[in-house]
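Here is how the chains run, residue by residue.
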6 protein chains.
Amino acid sequence: MENQFDVLALGEILLRLSPPGNERIVRSSTFEKRMGGAELNVVSGISLLGLRTGIISRIPAHTVGMFARNEVRYSKVSDDYLIYDRDPDARLGVYYYENGAYPRKPGVVYDRKNTSINKISPEDFPDEIYENCRCFHTSGITTALGENCRRTAIHMMKRFKEKGALISFDVNYRANLWSGEEARKCVEELLPYVDIFFCSEDTARLTFHKEGTVREMMKEFAQEYDLSVVASTQRIVHSPRRHTFGSILYNKKEDRYYTDDPYENIEVIDRIGSGDAYVSGVLYGLLCEDGSCEKALRFGNASGAAKNTIPGDVTSLNLKEVENIIKEHENQGFHTEMER
Amino acid sequence: MENQFDVLALGEILLRLSPPGNERIVRSSTFEKRMGGAELNVVSGISLLGLRTGIISRIPAHTVGMFARNEVRYSKVSDDYLIYDRDPDARLGVYYYENGAYPRKPGVVYDRKNTSINKISPEDFPDEIYENCRCFHTSGITTALGENCRRTAIHMMKRFKEKGALISFDVNYRANLWSGEEARKCVEELLPYVDIFFCSEDTARLTFHKEGTVREMMKEFAQEYDLSVVASTQRIVHSPRRHTFGSILYNKKEDRYYTDDPYENIEVIDRIGSGDAYVSGVLYGLLCEDGSCEKALRFGNASGAAKNTIPGDVTSLNLKEVENIIKEHENQGFHTEMER
Amino acid sequence: MENQFDVLALGEILLRLSPPGNERIVRSSTFEKRMGGAELNVVSGISLLGLRTGIISRIPAHTVGMFARNEVRYSKVSDDYLIYDRDPDARLGVYYYENGAYPRKPGVVYDRKNTSINKISPEDFPDEIYENCRCFHTSGITTALGENCRRTAIHMMKRFKEKGALISFDVNYRANLWSGEEARKCVEELLPYVDIFFCSEDTARLTFHKEGTVREMMKEFAQEYDLSVVASTQRIVHSPRRHTFGSILYNKKEDRYYTDDPYENIEVIDRIGSGDAYVSGVLYGLLCEDGSCEKALRFGNASGAAKNTIPGDVTSLNLKEVENIIKEHENQGFHTEMER
Amino acid sequence: MENQFDVLALGEILLRLSPPGNERIVRSSTFEKRMGGAELNVVSGISLLGLRTGIISRIPAHTVGMFARNEVRYSKVSDDYLIYDRDPDARLGVYYYENGAYPRKPGVVYDRKNTSINKISPEDFPDEIYENCRCFHTSGITTALGENCRRTAIHMMKRFKEKGALISFDVNYRANLWSGEEARKCVEELLPYVDIFFCSEDTARLTFHKEGTVREMMKEFAQEYDLSVVASTQRIVHSPRRHTFGSILYNKKEDRYYTDDPYENIEVIDRIGSGDAYVSGVLYGLLCEDGSCEKALRFGNASGAAKNTIPGDVTSLNLKEVENIIKEHENQGFHTEMER
Amino acid sequence: MENQFDVLALGEILLRLSPPGNERIVRSSTFEKRMGGAELNVVSGISLLGLRTGIISRIPAHTVGMFARNEVRYSKVSDDYLIYDRDPDARLGVYYYENGAYPRKPGVVYDRKNTSINKISPEDFPDEIYENCRCFHTSGITTALGENCRRTAIHMMKRFKEKGALISFDVNYRANLWSGEEARKCVEELLPYVDIFFCSEDTARLTFHKEGTVREMMKEFAQEYDLSVVASTQRIVHSPRRHTFGSILYNKKEDRYYTDDPYENIEVIDRIGSGDAYVSGVLYGLLCEDGSCEKALRFGNASGAAKNTIPGDVTSLNLKEVENIIKEHENQGFHTEMER
Amino acid sequence: MENQFDVLALGEILLRLSPPGNERIVRSSTFEKRMGGAELNVVSGISLLGLRTGIISRIPAHTVGMFARNEVRYSKVSDDYLIYDRDPDARLGVYYYENGAYPRKPGVVYDRKNTSINKISPEDFPDEIYENCRCFHTSGITTALGENCRRTAIHMMKRFKEKGALISFDVNYRANLWSGEEARKCVEELLPYVDIFFCSEDTARLTFHKEGTVREMMKEFAQEYDLSVVASTQRIVHSPRRHTFGSILYNKKEDRYYTDDPYENIEVIDRIGSGDAYVSGVLYGLLCEDGSCEKALRFGNASGAAKNTIPGDVTSLNLKEVENIIKEHENQGFHTEMER
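Residues numbered from 1 in each chain as written. Chains lettered and ligands numbered in written order. Predicted model: local features only at pLDDT ≥ 70, side-chain atom pairs only at ≥ 80, totals over all residues. Heavy atoms only, no water.

A. Quick peek at the overall build of chain A. Within chain A, the secondary structure is distributed over 10 helices and 15 strands. Here the C-alpha radius of gyration of chain A, 19 Å, is about what a compact globule of 340 residues would show, namely 20 Å. Projected onto its principal axes, the C-alpha coordinates of chain A cover approximately 60 × 50 × 45 Å. Expressed as a percentage of the 340 residues in chain A, the buried residues total 64%. Considering only contacts in chain A between residues 6 or more positions apart, those separated by 24 or more positions represent 69%. (Helix = DSSP H or I, 4+ residues; strand = E, 2+ residues; numbered from the N terminus. Rg over C-alpha atoms; globule rule 2.2 N^0.38 Å. Buried < 20%, exposed > 50% of the residue type's maximum accessible area, 1.4 Å probe, protein only. Contact = heavy atoms within 4.5 Å.)

This is how it looks when you write it as structure tokens:
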């Protein structure tokens, strides 16, 4: 009982290397060294808000893998289901990221083939993993990594679903990992198991060939696959350093849309992981004690918006901080300048 | 004669610890290490403009205290009236500060109880201290620290006043140090000794229960306590990284208000100490050779506005730099892009 | 069963601030920011070797406290028994440390009065804490902090002992925390509950007024208080950057001394915490599956010696690394130059 | 054939020292160390776009000079025509630069007298230098440095022109190097050899006493001195961190002006060298395989605008990056957020 | 003629990531970012001494690859024979390295599978590559990488040999890349083409099953495969921070051994690449204008010894610096303390 | 009376730029930025020990000059006699320094010609400067800088001597500033005014052509020029990171030599300025309340030895720290490991 996980997520853990400040990769003499990965970002965001989470992954047993594990623990995400790859060629995926400033865009280089997670298999994990958890989350990135990851993801969705967990899935389409057609086929295969579905308007239109308004497309997804909640972020990129961020949620049972004023003119420091922070806010809102779509929307928008101001992939906002941001966002009156 | 101080200020010197750049306290692996303290900020700003100042305080004799003393000297503030606390438990106050970016606010954590200044007493200082000085400054922060500090502040105000110095006082109300009621009582007790009074509109209204427009409240203060000058800053916080800064001065003798176009859309790098830099500009304007309220307003606004662009609590702008900023602010014609 | 702790330790968590590299506190512009505390150092060392540990402490709920908690997790030490102090004046102890180089000694400044742990009480913790643990560890530092800490330490020793746990105690005498006489009285009061006792030769002689050789003093302690194991490190400080480190263990039941060749000419990078790393090696050696005094000696010496080469208070050596160091130390033949 | 240079430039190489991030020179404990110099900036920008370039200069043979040479190579600029000054007093020019933020302007301090380039002479270089090159570039900064530099610049212009190279000249007027009158006389002496002429509107008006619109002044220059192309940048400095950048080109043969939408609200990180990056874009546009004034304008504007987002004097944008920026600038439709 | 290369080397270029100073990989928040690779280390060392060199390799066309290319140029190594891999999955090998301090050894983690060089082929390079070069160098690391690299290495050895170049080969046996048996077979296959052979005593004994003294084994190699020169380093690792370094050379034609006093008690800062620096000193000594085995020994020993004091894989010592180290090493009289 | 200076020194203030840690100038991307200068080093060392000192110099009025002035204040050296050079070409001398490690020596590059001090003149200073001071110090570096500096130095020596001050002079011979012959002539011209003379054995022998033992040469100097005290350091450079440091003093009046056990195996971090720290210890020992040659020797040796462990030119040791080092050096018994 007490050790039940609120959310377990399956996904790759990546080493992110970025030049400090405004430096460029082709020149800088150092890299900042951080951990990321869409699903890790999601669960660490949820943990910071107070729920119990864990990451399901496979990482090298060597010292760089141990750094990854340390970072997992740092965010109070359980490392109970990290499998260690002792192969001498075991490797952690790496990606290189640099910030942009108008008119220069941010840039990213991936080096994530043949990484330890590619040898993952459902057999690596004990059966108890399925007993103990209220919600399982993964994303289209995991299913795009390769056959083993895809198979494990779908297997786990089924098993978790059988045991009563909610299944959360974020399409997170990345053209450099697979083609739109591959993505569409795979996602359509797993959507029957999904309860909470995250999909951007562009992906709905371009990858799934949906038509109509965002609202229409969201509803169509929900009806076609019996999804409980469909969520879609709405980001406007004014420049690499100024974004506007909001979202829309659709609750199938209520047949109701939830939306709110977006956060405008966000002072972006690091936009990586803001979509994942949004997912963590939504899942927290749905899963916490007095959860609701209303709360999911508020926490999703605030977490997603505020992540843009935090360096690294992983958010660092705790419950009180997110609540203050929400309060301030809704506040029409006197605003304090600082958290003292 | 020659060694006369233009301004002496009584106040605590604090160690400020901040994560570098945009990092967060919960994560960063280093702290930038700077000195601050409202009154130190004020006198160091004045020294940089060319007047002679000193700080009256009590700090530990240990190596961290020596770092504080070094920083005092660095700003050409005299350390003649620093008292060294050789108690093995002597401690310097610390505060932790991190920058914000919309929608995440800056944050501060104080650790300033039981610090060396709390054992300060007027007896620590020689009588000559009162002979030699044109203006004595302190703030509500000092009077809020505790009984010894309050007693010393009021004692010094009286003694300096007797010897002909102008008395400057900045309310600088901090809800985490004392209640509004405590503050009101204490400040009302010392206002009879004050000549130059700094008080924000919010504090006038909320702490002193004044009513009416800012101008009305300022005038009321001046009349009630026979103040020469009352000054009030006007800051608009568009976001943690964009402020507008201006002020209004009231000269009782002339029964005249001074104001000017505010500095708009300041590119804020570190807003801490900008209020103190304002005070230093005003005091410089009143005390320098050709001093006047006109000059006080200009130097106050420029110093306060420009401090926002300087990392750390303490400004680093010298006379020529502030004069250039004023000239540029008033300039309608050709603007050079750079100080070459 | 599965969640049983191998070791729980009671002690203060401190923020350590050090200038980078060879810089000095009076001058450097940054501080490296790390966590320390004798008992935390011990349990994190044990966790890295593979046993399950937790820290019992009380820390502020604010963002600097959260940094402390993150660092606890980072070392896989459980934070289940961290109590959060929500008092607005809650503070974390700080200490400032700088490295030395002959003929300049390392230096340390403590600022650890009135910290959150001083309000600790046995009532803060659930009864289950005592059910679940094989060994309880604390040190003379904790008992020196003040009445509440001392009371809690002795209370916990008794309760843990009743429930069958081994009690480990490291005198760790610090003259700046209490007098030798206070220390002696307090330690003599709690020694009846102790099983594993760590005491240096100097402390035995100067604080406890023992006489004779180290071996004689160790045996006398064991007999006087029915201790199972007495351990004493033997460090030679050739210079701040070159130490020799070894130890001697006495097993009362066997009436046998264990000792080994010391590690000579250690290339010291950061000697803080090497005594604590020694304790963690010894406790690991006694508590691990095939534990013995022999193993305790080897792991204690290797952990203690190697900690000197690791920056920060807390060791970072995992089981494989310590085993390799032991193997190399005992190896008479071919030595590889690098861990590839 | 194969080793022909597309552009050779004559100019001084300077060591630039800047405090990191937002720090100020009067306080910071470190300097970032970079190389600059108007002509080096130009040729390194062109090399990054794919043409072959070299720098003609004279630098000290000591270790700081070797750092300069390394930086030259780093940008794939040939160091074949670097002359090494082995005089024990040989020195590299230094300049100190700090960023600004409104209302504080950026600042610069020059220390470039008596540097190694001041002893340059045409005799230092072999005759082959003139055989092998499509375009020779220098600027008014070089001619302002002193008699030797001026004489060498004019000598080289003539010799390169004789051998059929295009001559490019950027006035780049700096009031701290020479008076307007000196500049006018010198530039008028060398304009008869120039083909491509860069001159800002302000300089045309204030230094050359031209009148009328920019377009009229550009045309007048072209006609008076038989210039092929005259180019003039148009920069609006909204604040130190926000600029707008565009330009206008005049082609004498076609009697046609080229212009385009400026880049608005550039997020400025380091504006130094953006004028030089503009020159490199224009020269690339004119000299590349399918070169034209149209292309020169596009590459000039994009290079100049984007350089503002790159720390240091020297741009780091390669051909693909500049092409993407141009494409994005002209794109009316869907914009990706990131270069993946 | 003029563009002839003195040395061309075939080998992989790796990104090396190391925590700064004494930090550990499992904890540090940044990585220093440098380039390495045995053959690149060799040719950059030779270039610094004044000969013309180039690297033959295959690297990704992306921004991290461009960083690698920039570093190649930085050392004045020609990038004419770098092939760019435009595959979206192109990757640069990475290795993670941390320093040690007794009793903790340095550690390294490799991540160099499936890198761009593995798709190298002799067909990637024009025939002119073989025409133009006095010496071709590669190492056993290249031949261990995989089939393509091995095939290319042997093909190039033959072609270069046909065109009259000397062939230099360093066994550089790495147990983590291939087995001793694989190594032996491969090296025996290519030794018939080799002129200058580098092989350590351990490798001769353990991998090639040679017997006798070093001198006997060296001579046996020379006779068996008609090698001109055989060189063997002799390193004593007193501790990670203190080494002794010397070597022995055998000249077959003269049937003579060359040796010299080793450099004792080297203050090691970074030992990686010191073997490669030795090779570059030897090749420089053999290939420079007045080359000889005598000179090869001196430059090899000095370069190898001194590289240990330089951070990164690649040496940074120029001709004058190495000559001074040799002079000092041989000097029996007055020693200056500093290079002024 | 009260404001009397104990020591005033005349000398140049230099900006020192060094790569961090073990980095090399040819490669590093940053410089540490510190102030130095032989005479500044001396007076700041004396100030830290508790006497009142000031520096007589001429520096640029620009922002880099202001950084220099700030550093002067930082060490509690009075800036009352700093003259500001407002010439647009005013420059501060710069020197570049990098650490060594055996077998690579430290290296230094000077760029100190045409600096602001070269326009110094005795007329720049008020007469009161001579009234107020117990000891005037300068060095052979100042007299080597050029005609103005030499003339000012000799003028000041005479004037201070007339007013009763002791004259201290350190030959500090630097072959890169002047020839031995120039040095000899100049020093012989000023020696008649000197009371306390610092001269190394090598300089005595090579520059002044003295013969015999050190003691004989010291005595000969004292007799020839009526010097009160002659001091000579004795440094053994085992390697760039390990020195031994001691000295010998000769008191003419007593006709007695003072010497002591040297500090052996100093762990050198930065040897620059250790000779100057020695001078400051000696002058402190002679000038402090209970001054004597005995005390001068002890403080000289301890200051000089310990400076080697402190980064930068300027020492940072205060009185208590130097006293502890002396106590420890003389202590035969129990040594504490750390300053707590």
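Further notes follow.
B. Highlighting the relation of the copies chain E and chain A. With an RMSD of 0.0 Å, the operation that places chain E on chain A is a rotation of 180° combined with a shift of 0.0 Å along the axis. Here the two chains are linked by the operation of a two-fold rotation axis. Relative to the rotation axis, the closest C-alpha in chain E is found at Phe 31 of chain E, a distance of 2.6 Å. Mapped onto chain A, 100% of the interface residues of chain E are again interface residues, and the two copies thus contact each other with one and the same surface. (Least-squares fit on C-alpha atoms with pLDDT ≥ 70 in both.)

C. How the structure looks around the interface of chain E and chain A. Of the residues lining the interface, 27 residues belong to chain E; the matching set on chain A comes to 27 residues. Roughly 2300 Å² is buried in total at the junction of chain E and chain A, and carbon and sulfur atoms are behind 58% of that figure. Interface area lost by chain E to chain A is led by Val 26, Phe 31 and Lys 33 of chain E, which between them contribute 25%. Applying the counting rule to chain E against chain A returns four salt bridges. Salt-bridge contacts for Arg 91 of chain E lead to Asp 111 of chain A; the nearest nitrogen and oxygen are separated by 2.5 Å. Joining chain E to chain A, the criterion identifies 13 residue pairs in polar contact (both at pLDDT 80 or more). Elements represented by at least two residues in the side of chain E that touches chain A include exactly strand 2 (14-18), strand 3 (30-36), helix 2 (63-74), strand 7 (93-98) and strand 8 (107-111) of chain E. (Buried area = accessible area lost by both parts, 1.4 Å probe. Salt bridge = Lys/Arg side-chain N within 4 Å of Asp/Glu carboxyl O. Polar contact = N/O pair within 3.5 Å; in protein donor to acceptor, adjacent residues only side chain to side chain.)

D. Expanded view of the sheet that holds strand 8 of chain E. The eight strands are arranged 8(A)-7(A)-2(A)-3(A)-3(E)-2(E)-7(E)-8(E) in an open sheet whose pairing can be described as mixed. Of all the strands in the sheet, just strand 8 (107-111) of chain A together with strand 8 of chain E have a single pairing partner and so form its edges. Each strand of the sheet is rotated relative to its neighbour by a mean of 30°, with strand direction disregarded. In this structure, strand 7 of chain E lies alongside strand 8 of chain E, joined through five bridges in antiparallel fashion. Its bridge partner lying in strand 8 of chain E, Glu 98 of chain E is registered against Gly 107 of chain E. Across the sheet, helix 2 of chain E is in contact with strand 7 (93-98) and strand 8 of chain A together with strand 2 and strand 3 of chain E; its angle to strand 3 of chain E comes to roughly 60°. (Pairing = 2+ DSSP bridges. Axes fitted to C-alpha atoms, helices over the stretch in contact; angles between N-to-C directions.)

E. Up close: the pattern of salt bridges. Per the stated rule, a full pass over the model turns up 198 salt bridges over all chains. Here Glu 32 of chain E and Arg 34 of chain E are joined by a salt bridge, their closest N and O atoms 3.1 Å apart. Put simply, Arg 134 of chain F and Asp 6 of chain F hold a salt bridge, and the shortest N to O gap is 2.8 Å. You can see Arg 134 of chain F sitting in strand 9 (residues 133-139) and its partner Asp 6 of chain F sitting in strand 1 (residues 5-10), a full 128 residues away along the chain.

F. Structural view of the interface of chain D and chain F. Between chain D and chain F, the contact holds 27 residues from the first and 27 residues from the second. Both sides together, the interface formed by chain D and chain F hides about 2300 Å², and carbon and sulfur atoms give 58% of it. Of all residues in chain D, Val 26, Phe 31 and Lys 33 of chain D bury the most surface against chain F, accounting for 25% of the area lost on that side. Seen at the junction of chain D and chain F, the total is four salt bridges. Taken together, the links from chain D to chain F amount to 13 residue pairs in polar contact (both at pLDDT 80 or more). Breaking the side of chain D that touches chain F down by element, the ones donating at least two residues are strand 2 (14-18), strand 3 (30-36), helix 2 (63-74), strand 7 (93-98) and strand 8 (107-111) of chain D. In terms of residue count, the dominant contributor to the side of chain D that touches chain F is helix 2 of chain D (five residues). Inspection of the sheet shows strand 3 of chain D paired to strand 3 (residues 30-36) of chain F by three bridges, in the antiparallel sense. Each residue of the ladder has a partner; that of Thr 30 of chain D, found in strand 3 of chain F, is Glu 32 of chain F.

G. Seen up close, the side chain of Ser 303 of chain D. In this fold, Ser 303 of chain D is placed in helix 9 (residues 293-307). Non-local contacts of Ser 303 of chain D, meaning those with residues more than four positions away in its chain, are made with Leu 49, Ala 277, Gly 281 and Val 322 of chain D.

H. Structural view of the sheet that holds strand 8 of chain D. Ordered in space as 8(D)-7(D)-2(D)-3(D)-3(F)-2(F)-7(F)-8(F), the eight strands form an open sheet in which the pairing is mixed. Pairing within the sheet leaves two strands with one partner each, and these edge strands are strand 8 of chain D together with strand 8 (107-111) of chain F. Each strand axis lies, on average, 30° off the axis of its neighbour in the sheet, ignoring direction. Its contacts with the sheet put helix 2 (residues 63-74) of chain F on strand 7 and strand 8 of chain D together with strand 2 (14-18) and strand 3 of chain F, and the angle it makes with strand 3 of chain F is roughly 60°.

I. Molecular detail of the packing of helix 9 (residues 293-307) of chain A against helix 10 (residues 319-330) of chain A. Residues and elements named next belong to chain A. In contact at an axis separation of 9 Å, helix 9 and helix 10 are set at 100° when each is read in the N-to-C sense. Relative to helix 10, the element helix 9 lies roughly perpendicular. Residues Arg 298, Phe 299, Ala 302, Ser 303 and Ala 306 of helix 9 touch helix 10, and the partners they reach there are Leu 319, Val 322, Glu 323, Ile 325, Ile 326 and Glu 330. Considering only residue class, the contact of helix 9 with helix 10 consists of seven nonpolar, one polar and three charged. (Parallel < 35°, antiparallel > 145°, perpendicular 65-115°, else oblique. Nonpolar A, V, L, I, M, F, W, Y, C, P; charged D, E, K, R; others polar.)

J. The arrangement of the relation of the copies chain D and chain F in detail. By a simple turn and slide, chain D fits onto chain F: the slide is 0.0 Å along the axis, the RMSD is 0.0 Å, and the turn is 180°. The overlap is high: 100% of the interface residues of chain D also sit at the interface in chain F, so the same surface is used on both sides.

K. Quick look at the confidence of the model for chain A. The share of residues in chain A with pLDDT of 70 or more is 99%, and the mean pLDDT across the chain is 95. Interface confidence for the predicted complex, given as ipTM, is 0.93, next to a pTM of 0.95. (pLDDT = per-residue confidence, 0-100.)

L. Inspection of unusual backbone geometry at higher detail. Residue Pro 103 of chain C is bonded to the preceding Tyr 102 of chain C through a cis peptide linkage, with omega at 10°. Assignment of secondary structure puts Pro 103 of chain C in the loop between strand 7 (93-98) and strand 8 (107-111). In the Ramachandran plot, Asn 114 of chain D falls in the positive-phi region, its phi being about 55° despite a non-glycine side chain. Tracing the chain through its elements places Asn 114 of chain D in the loop between strand 8 and strand 9 (133-139). On the accessibility criterion, Asn 114 of chain D (46% relative accessible area) is partly exposed. Positive phi, close to 55°, is recorded for Asn 265 of chain F, a residue that is not glycine. Note on placement: Asn 265 of chain F falls in strand 15 (residues 263-267).

M. Region of interest: the packing of aromatic side chains. According to the stated counting rule, one finds 69 aromatic pairs over all chains in the structure shown. Each ring, one from Tyr 74 of chain B and one from Tyr 74 of chain F, has its centre 5.3 Å from the other, and the planes form 85°; the classification is edge-to-face. Taken as a pair, Tyr 74 of chain B in helix 2 (residues 63-74) and Tyr 74 of chain F in helix 2 lie in two separate chains rather than in one. Of the two residues, Tyr 74 of chain B and Tyr 74 of chain F, both sit in the buried class. Ring geometry for Tyr 130 of chain F versus Phe 160 of chain F: centroids 4.8 Å apart, planes at 65°, classification edge-to-face. Of this pair, Tyr 130 of chain F sits in the loop between strand 8 and strand 9 while Phe 160 of chain F sits in helix 4 (residues 147-162), and the two are 30 residues apart along the sequence. (Phe/Tyr/Trp six-rings, centres within 6.5 Å; stacked < 30°, edge-to-face > 60°.)

N. A look at the state of the cysteines. All names here are of chain C. Summed over the entire model, instances satisfying the criterion amount to zero disulfides over all chains. Distance from the sulfur of Cys 149, which forms no disulfide, to the nearest cysteine sulfur (Cys 186) is 11 Å. A residue is classified by how much of its surface remains accessible, and Cys 149, at 1% relative accessible area, is buried. (Disulfide = S-S within 2.5 Å.)

O. Inspection of the side chain of Arg 58 of chain C at higher detail. Residue and element names in this part refer to chain C. The topology assignment puts Arg 58 in strand 4 (residues 53-60). At a separation of 3.3 Å, a polar atom in the side chain of Arg 58 contacts the side chain of Asp 85. Side-chain polar atoms of Arg 58 contact the backbone oxygen of Ser 116, separated by 2.8 Å. Excluding anything up to four places from it in sequence, Arg 58 contacts Ile 83, Asp 85, Ser 116, Ile 117, Lys 119, Ile 120 and Asp 124.

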